[in-house]
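Observations on chain architecture
What follows is the residue order along each chain.
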Amino acid sequence: MATIKQDDFIQSIADAFQYISYYHPLDYIQALGAAYEREESPAARDAIAQILTNSRMCAEGHRPICQDTGIAVVFLKVGMNLKWDATLSVQDMVNEGVRRAYNHPDNKLRASVLLDPAGKRMNSKDNTPAVVHYEIVAGDHLEVICAAKGGGSENKSKMVMLNPSDSIVDWVIKTLPTMGAGWCPPGILGIGIGGTPEKAMLLAKESLMAPVDIHELRERAAAGIELSRIEELRLELMDKVNALGIGAQGLGGLTTVLDVKIMDYPTHAASLPVAMIPNCAATRHVHFHLDGTGPAELETPKLEDWPQVTWKADEKTAKRVNLDTLTDAEIASWEPGDILLLNGKMLTGRDAAHKRIADMLKKGEKLPVDFTGRAIYYVGPVDAVRDEAVGPAGPTTATRMDMFTEMMLAQTGLRVMIGKSERGPVAIESIKKHKAAYLMAVGGAAYLVSKAIKSAKVLGFGDLGMEAIYEFDVKDMPVTVAVDSKGTSVHNTGPKIWQAKIGKIPVAVA
C-alpha cells in the first residue's frame, strides 16, 4: 500500500508548474513544426516561426512561454487503497505547490487569479486557489495531470445543448469562426459529448490533456483499419476546421488546429450536450504518477528535438517605424499585412487601466500619462528576473478593449494600438473614423517579444501591478498591420482568401 507524503506531493506540484511554464509538450511542438513546413501563407508561416523560436528560447532560458502563465488546473486520479501522510487537505497541498511554483525567485510567474470575481476582483498574488478535479479509482497510486490554462483560450469556450438528431460537426463548424483568434491558433480543440452540461465541459477540458496523435489516426485510416465513430469524428472535424482557413493567429492559412480531441459519456435520451474548449499555442500540461517513493521526476526534454526554426525579421519586406516621430502620414501608408519593426517608446495598458482612465475622464481628472500621438500595447507582463528589462510580455486579446477604443482615440489623442487577434466592428469603425491603426503581435511568442523591450518603467496606476501603465523602450519589436487607417482588417480578409484557396468549403471571396 503506497503512502503519499505531504512534502513529496507539494514539491511535485510545484515542480510541475515550473516545468510547464517553459517546456511545451514535445508532441505539440513537433506537430507545430510539421505545420510550419506545410504552411503556404506567408503571414501564418511568420507567426508559426515566432512561436517555435519562442518555445526553444523558453526551454533554454527557463522563462514562461506566454506572459499569461495560466490558471492552475489539476486532474487527480486517487487510488482507493492510497494512504496519505499529510496534515493539509489535498486542495491545500495543491495550492501550496502552486504558490511555490508561481513565486519561484528565478522564474516568477504572473499571478492572474482574482478573488471575489463578481465583486472587488482582488489578485491573490500567488495564483491560488487551483482548480482541482478528483476521480477515485482502483489501485494504490496517484495519477496527476497539471495544466496551466490561459484566459484568452478559456474565454472562447463554448457549450450547447443540441437536439439528439442535430449534427455535432455542423455546430462546431458554425461556432468556431465566431470565436475569433483570441485563443491563439494553431492549437488543439477539446470536445466533450454527452453526460450533463457540466460533465460535457469537464470532458472537453480533460480531452486536451491527451497527446497529439491525429497523424496516427490518419495512418490507420489510410491502411484500411476500422476506426471508431469518435475517431472518425476527430478526422472529419480536423479536416473541416482547417478548411475554414482561419490559420495561425487568425491571419489565414492551412493550419488552424493541430489535433481535435474528443471524450464522450452516456447521456439522457432527450439530450445531446456538447462542449468545446480550445487550447492555445501556449499548450502547457504534464502527466506523472506518485507511488510513495518520493516526488515526481520530470524528464528534461532534449533541445535537439525542437524543430530547427529560427525566426528573424525579413528586412527586405519589413518596415522600421520610429514611434517617437510617428506621423499621421506614416500611419496612413501602412497596409493590412505589412510587417513593422517598432522602435522607440510605447505605453502599455489593458482592461483595468482602461476602466480607470474612463472613470477619470468622466470625472474630469487629469490622466497620469499624455497619450497624444502615442502607441499603446495591450499587455500584462511577467515580472523581470535576473538582468531582464521585463519578463515575457506577449499581447492581450484586443477585443476586450473594443469598448474603450472610441474614448481613447477621441479623448486622449491615442494613434496606434497593439494587441493580439482581431478587432470588432465598433472598434474598426472608430479606427477608420480617427485614421488610426491596430497592429497585431503574435500570441504565444511572449519571451521573443520581451527581448525587443530594452527598458520598462511604470508611469501610472502602479497599484494595478502587471496591469499598470508602463513605458517600454523597444527595438525592432515585430508586429503586423491588422487594421489600417481605412478600416481594412486582415482578420476579415485573410481567412476568406485562404478558405477559398483550400477549396473544400464553397465560399465567395469579396
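What comes next is a walk through the structure. (Residues numbered from 1 in each chain as written. Predicted model: local features only at pLDDT ≥ 70, side-chain atom pairs only at ≥ 80, totals over all residues. Heavy atoms only, no water.)

When its secondary structure is counted, the protein shows 15 helices and 19 strands. When its C-alpha atoms are laid out on the principal axes, the protein stretches across 70 × 55 × 45 Å. Burial status across the protein gives 56% buried among its 510 residues. Long-range contacts, defined here as pairs at least 24 residues apart, represent 77% of the contacts in the protein between residues at least 6 apart. Here the protein displays about 21100 Å² of accessible surface, and carbon together with sulfur accounts for 52% of that area. (Helix = DSSP H or I, 4+ residues; strand = E, 2+ residues; numbered from the N terminus. Buried < 20%, exposed > 50% of the residue type's maximum accessible area, 1.4 Å probe, protein only. Contact = heavy atoms within 4.5 Å. Areas by Shrake-Rupley, 256 points an atom, 1.4 Å probe, with all protein chains shown as cover.)

Turning next to the packing of helix α8 (residues 214-222) against helix α9 (residues 229-242). Two numbers describe how α8 lies on α9: the axes approach to 10 Å, and their chain directions differ by 110 degrees. Judged on the interaxial angle alone, α9 and α8 are roughly perpendicular. Touching I214, L217, R218, R220 and A221 of α8 are E231, R234, L235, M238 and D239, all from α9. Of the residues contributing to the contact of α8 with α9, the split by class is 5 nonpolar, no polar and 5 charged. (Axes fitted to C-alpha atoms, helices over the stretch in contact; angles between N-to-C directions. Parallel < 35°, antiparallel > 145°, perpendicular 65-115°, else oblique. Nonpolar A, V, L, I, M, F, W, Y, C, P; charged D, E, K, R; others polar.)

A separate point is the sheet that holds strand β8 (residues 158-162). Read across the sheet, 4 strands follow the order β8-β11-β9-β10 without closing on themselves; strand pairing throughout is mixed. Of all strands in the sheet, those bounded by a partner on one side alone are β8 and β10 (257-265). Along the sheet, successive strands turn relative to each other by an average axial angle of 15 degrees, direction set aside. As paired strands, strand β9 (residues 187-194) and β10 are joined by 8 bridges and run parallel to one another. Paired with G190 across the bridge in β10 is K261. Against the sheet, helix α2 (residues 26-38) touches β9 and β10, its axis set at about 135 degrees to β10. (Pairing = 2+ DSSP bridges.)

On to the pattern of salt bridges, then. Following the criterion strictly, the structure yields 30 salt bridges and no others. Residues D213 and R234 are paired through a salt bridge, measuring 2.6 Å at the closest nitrogen-oxygen approach. Taken together, the positions of D213 in the loop between α7 (197-207) and α8 and R234 in helix α9 put the pair 21 residues apart, joining distant regions of the chain. For R234, a relative accessible area of 8% puts it in the buried group. Of the charged contacts, one joins D259 and R234 as a salt bridge, the two residues approaching to 3.0 Å between their closest N and O atoms. Residue D259 is found in strand β10, and its partner R234 is found in helix α9; the two are separated by 25 residues along the sequence. D259 gets classed as buried once you look at its relative accessible area, which sits at 0%. (Salt bridge = Lys/Arg side-chain N within 4 Å of Asp/Glu carboxyl O.)

Under the definition given, this model contains 0 disulfides. In this model C146 remains outside any disulfide bridge; the closest cysteine sulfur is found in C280, 17 Å from its own. Under the relative-accessibility criterion, C146 is labelled buried at 0%. (Disulfide = S-S within 2.5 Å.)

Pairing is mixed in the open sheet, where 4 strands are placed in the order β6-β2-β7-β12. Across the chains shown, the open sheet's two edge strands, defined by having one partner strand only, are β6 (131-137) and β12 (285-290). Looking at each pair of strands side by side, their axes are set apart by 15 degrees on average, direction ignored. In the sheet, strand β7 (residues 142-149) pairs with β12 via 6 bridges, with the strands oriented antiparallel. Across the sheet, I145 pairs through a bridge with H287, a residue of β12. Its contacts with the sheet place helix α4 (residues 90-102) against β2 (71-79), β6 and β7, and it is angled at close to 135 degrees to β6.

Right, let's get into the packing of aromatic side chains. The geometry of two aromatic rings is summed up by the distance between their centres and the angle between their planes. Here the structure, examined in full by the defined rule, presents 5 aromatic pairs. Of the aromatic side chains, those joined through ring pairs into one cluster are Y19, Y22 and Y23. The side chain of R45 reaches across the aromatic face of Y36, ending 4.0 Å from its centre. Positioned over the ring face of W498 is K501, at 4.3 Å from the centre of the ring. (Phe/Tyr/Trp six-rings, centres within 6.5 Å; stacked < 30°, edge-to-face > 60°. Lys NZ or Arg CZ within 6 Å of the ring centre and 35° of its normal.)

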